[in-house]
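# Summary of structural features
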Amino acid sequence: MSGMQKVPHKIGKLLGVTIASLAVTVAMSTSASAGSDGPVVVDSSGYKARGVFLSYGDHIRVSDDYADGKSAVVLWNDPTGEERRCWDSNGALNGMTDCNYNLQEGAYVHYEVCLGEYGSRQVHYSTCGESGWGYA
């Protein structure tokens, strides 16, 4: 009979370890899926500007990749639907400009990259390229 008592104890211990392991796995997968980066998007010419949404820290980055006197701008919609802008106005070919926002967890971000005139804040909508989605 003492042999029977040991089997349930071992099963109970194994079950406890399995449940604890499952709880850690679920917790880790939940936190890892809290946000999702969006794809890199380009303007309609395909090589003058790039933009991207990065979920960790809610960053939008934009890069002016062509010295033509125009600025690159990422247009995006915040959770209320308002159009927002992230400009790269400091010249071409010098890396990405970072715009840091504080978005509500779980918010979807729709964005596209265009060319424009930073001084007058005029966007040349005909240059807007493909769009992307990210998840904060």
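Residues numbered from 1 in each chain as written. Predicted model: local features only at pLDDT ≥ 70, side-chain atom pairs only at ≥ 80, totals over all residues. Heavy atoms only, no water.

Side-chain direction in a regular strand flips from residue to residue, so the side chains alternate between the two faces of the sheet. Taking every second residue as pointing to the same face, the buried face of strand 9 (residues 131-135) carries Gly132 and Gly134, while none of Ser131, Trp133 and Tyr135 on the other face is buried. Where strand 7 (residues 108-117) and strand 9 come together, 5 bridges link them in antiparallel fashion. Residue pairing for strand 9: Val109 is matched across the bridge by Gly134. (Buried < 20%, exposed > 50% of the residue type's maximum accessible area, 1.4 Å probe, protein only. Helix = DSSP H or I, 4+ residues; strand = E, 2+ residues; numbered from the N terminus. Pairing = 2+ DSSP bridges.)

Before going further, it helps to examine the environment of Trp76. Locating Trp76 in the fold gives a position in strand 4 (residues 71-77). Counting along the chain gives 23 residues from Trp76 to Phe53, while the straight-line C-alpha distance between them is 9.5 Å. In this view, Trp76 contacts Ile60, Glu82, Glu83, Arg84, Arg85, Tyr101, Leu103, Val109, His110 and Tyr111; residues no more than four positions away in its chain are not counted. (Contact = heavy atoms within 4.5 Å.)

Let us now look at the side chain of Ser63. Inspection of the secondary structure puts Ser63 in strand 3 (residues 59-64). A distance of 2.5 Å separates polar atoms of two side chains, one belonging to Ser63 and the other to Asp65. Excluding residues within four positions of it along the chain, Ser63 makes contact with Lys48, Ala49, Arg50, Ala72, Asp88, Gly95 and Met96. (Polar contact = N/O pair within 3.5 Å; in protein donor to acceptor, adjacent residues only side chain to side chain.)

Here the focus is the state of the cysteines. Per the stated rule, a full pass over the model turns up 2 disulfides. Disulfide partner of Cys86: Cys99, at an S-S distance of 2.0 Å. Given an S-S torsion of about 85°, the disulfide between Cys86 and Cys99 has right-handed geometry. Taken as a pair, Cys86 in strand 5 (residues 83-88) and Cys99 in strand 6 (residues 97-100) lie far apart in primary sequence, 13 residues in all. The class for Cys86 is buried, based on a relative accessible area of 1%. Across the disulfide, Cys114 is cross-linked to Cys128 (sulfur-sulfur distance 2.0 Å). Sign of the S-S torsion, about 100° for the bond between Cys114 and Cys128, identifies this disulfide as right-handed. (Disulfide = S-S within 2.5 Å.)

A few words now on the side chain of His59. Mapped onto the secondary structure, His59 falls in strand 3. With a relative accessible area of 15%, His59 lands in the buried category. For His59, the side chain forms a polar contact with the side chain of Asp98, separated by 2.8 Å.

Geometric descriptors of this kind do not, in isolation, establish any biological role.
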